Amino acid sequence: MQKLVIASGNKGKLRELAALLEPLDYQVHTQSELNVPDVAETGTTFVENAIIKARHAAEITGLPAVADDSGIEVDALDGAPGVYSARFSAPDATDEKNNALLVEKLRNVPEAERTARYRAVIVYMRHAKDPSPIICEGSWEGRIVLEPRGEGGFGYDPYFYLDTHHCTSAELTAEQKNAISHRGQALKQLVSRLNTDHV
Ligand code: IMP
């Protein structure tokens, strides 16, 4: 069975990615299992950062690598925090601190203007020097609420309200979230391309 490394240290993302990759004929390893240290995300776009992470993991392990870079874009904040979502409040941010800062910045913004979207880019690199990585994208529309709701998901989920489901993304089950989320959309594309492209 072909081995594959997932280039992420984020437990929430690893859980979602591993579940979505399960139907494929790959033996999936996380980068921490293979002693791959984190790499600095120096890009200014999701695509750049995803490639940096996948290339790094492929280089160190010699295996094909999948990396996800994702974040939340808030329209009233001109798209911030965007690629800086994980480090919004500080370089050593926590979900709690990031969410507190988000709420503080949006406290005086009317509900109808608190529109936002999650974005995810997932790349697959056959090897570290792969000149044409498979690049897949997903986006998911929502609205930021000022009071948290729900225990599921991770990151900004308790504050990401879905008009389509009348709840936050933290109130969805893992299966419901994976079926419609930005990451789920991108990964579904990847699964279909891995099945049809020459990889
Ligand atoms: P990175 O892709 O590791 O740079 O981090 C992405 C960051 O965006 C996460 O740490 C979260 O703060 C946020 N994020 C991305 N996807 C989600 C999601 O599905 N739910 C909640 N927060 C997310």
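The rules we used
- Residues numbered from 1 in each chain as written.
- Predicted model: local features only at pLDDT ≥ 70, side-chain atom pairs only at ≥ 80, totals over all residues.
- Heavy atoms only, no water.
- Near = heavy atom within 4 Å.
- Polar contact = N/O pair within 3.5 Å; in protein donor to acceptor, adjacent residues only side chain to side chain.
- Areas by Shrake-Rupley, 256 points an atom, 1.4 Å probe, with all protein chains shown as cover.
- Helix = DSSP H or I, 4+ residues; strand = E, 2+ residues; numbered from the N terminus.
- Nonpolar A, V, L, I, M, F, W, Y, C, P; charged D, E, K, R; others polar.
- Axes fitted to C-alpha atoms, helices over the stretch in contact; angles between N-to-C directions.
- Left-handed = near helix turned anticlockwise from the far one by under 90°.
- Contact = heavy atoms within 4.5 Å.
- Expected span 1.5 Å × (residues − 1).
- Buried < 20%, exposed > 50% of the residue type's maximum accessible area, 1.4 Å probe, protein only.
- Arc of directions from axis to C-beta.
- Pairing = 2+ DSSP bridges.
- Right-handed = clockwise from strand over helix to strand, strands pointing away.

**Student:** Describe the site of the ligand, naming the residues involved and giving the relevant values.
**Tutor:** Surrounding the ligand, one finds 18 residues, the nearest of these being K13, S70, D157, K177 and R183. A distance of 3.1 Å is found between a nitrogen atom of the ligand and a side-chain nitrogen or oxygen belonging to H182. Within the complex, the protein chains bury 95% of what would otherwise be the 490 Å² of accessible surface of the ligand. Counting residues per element, the ones that place at least two in the shell around the ligand are β3 (65–74) and α5 (182–196). Residue composition of the shell around the ligand, by class: four nonpolar, six polar and eight charged.

**Student:** Could you give an account of the packing of helix α1 (residues 11–21) against α5, with specific residues and numbers?
**Tutor:** Between α1 and α5, the least distance of the axes is 10 Å, while the angle of their chain directions is 35°. Two packed elements cross with a definite hand, and for α1 against α5 that hand is right-handed. Contact with α1, carried on its side by K13, E16, L17, L20 and L21, involves R183, G184, L187 and V191 of α5 and no other residues of that element. Tallied by class, the residues present in the contact of α1 with α5 amount to five nonpolar, one polar and three charged.

**Student:** Pulling in residues and values, what's your account of helix α3 (residues 95–106)?
**Tutor:** Helix length check: α3 (twelve residues) gives 17 Å between terminal C-alpha atoms against 16 Å at 1.5 Å per residue, within 8%. Listing the buried residues of α3 in full gives N98, N99, L102, V103 and L106. Angular distribution of buried residues about the axis of α3 spans 130°; they occupy a single face of the element. Opposite the buried face of α3, by more than 90 degrees, sit the exposed residues E96 and E104. Packed against the buried residues of α3 are β3 and β5 (134–144).

**Student:** Any details on the side chain of T168? Residues and values, ideally.
**Tutor:** As for its position among the elements, T168 is in strand β7 (residues 167–168). In this structure the side chain of T168 is engaged in a polar contact, spanning 2.6 Å, whose partner is the backbone oxygen of R149.

**Student:** Which residues make up the pairing of strand β4 (residues 115–125), and what are the values?
**Tutor:** Where burial is concerned, most of β4 is hidden: nine out of the eleven residues are buried. For β4 and β5, the ladder comprises ten bridges, and the chain directions are antiparallel. What sits directly across from R117, in β5, is E141.

**Student:** Provide a residue-level description of the sheet that holds β4, including the pertinent values.
**Tutor:** Adjacent strands of a sheet form backbone hydrogen bonds with each other and so pair up, either parallel or antiparallel. A sheet is described by the order of its strands in space; here seven strands give the open sequence β2-β1-β3-β4-β5-β6-β7, paired in mixed fashion. Two strands in the sheet have a free side with no partner beyond their single neighbour: β2 (26–30) and β7. Across two bridges, the pairing between strand β6 (residues 160–162) and β7 is antiparallel. Residue Y161 lies in a different strand from β7, and its bridge partner there is T168.

**Student:** Kindly report on the pairing of strand β1 (residues 2–6), identifying the contributing residues and their values.
**Tutor:** With five bridges joining them, β1 and β2 adopt parallel strand pairing. When the bridges of β2 are listed, K3 appears paired with Q27. Regarding topology, α1 serves as the crossover connection from β1 to the parallel β2, and that connection is right-handed. Bridge count for β1 against β3 is two bridges, and the pairing is parallel. Pairing of I6 across the sheet is with V66, part of β3.

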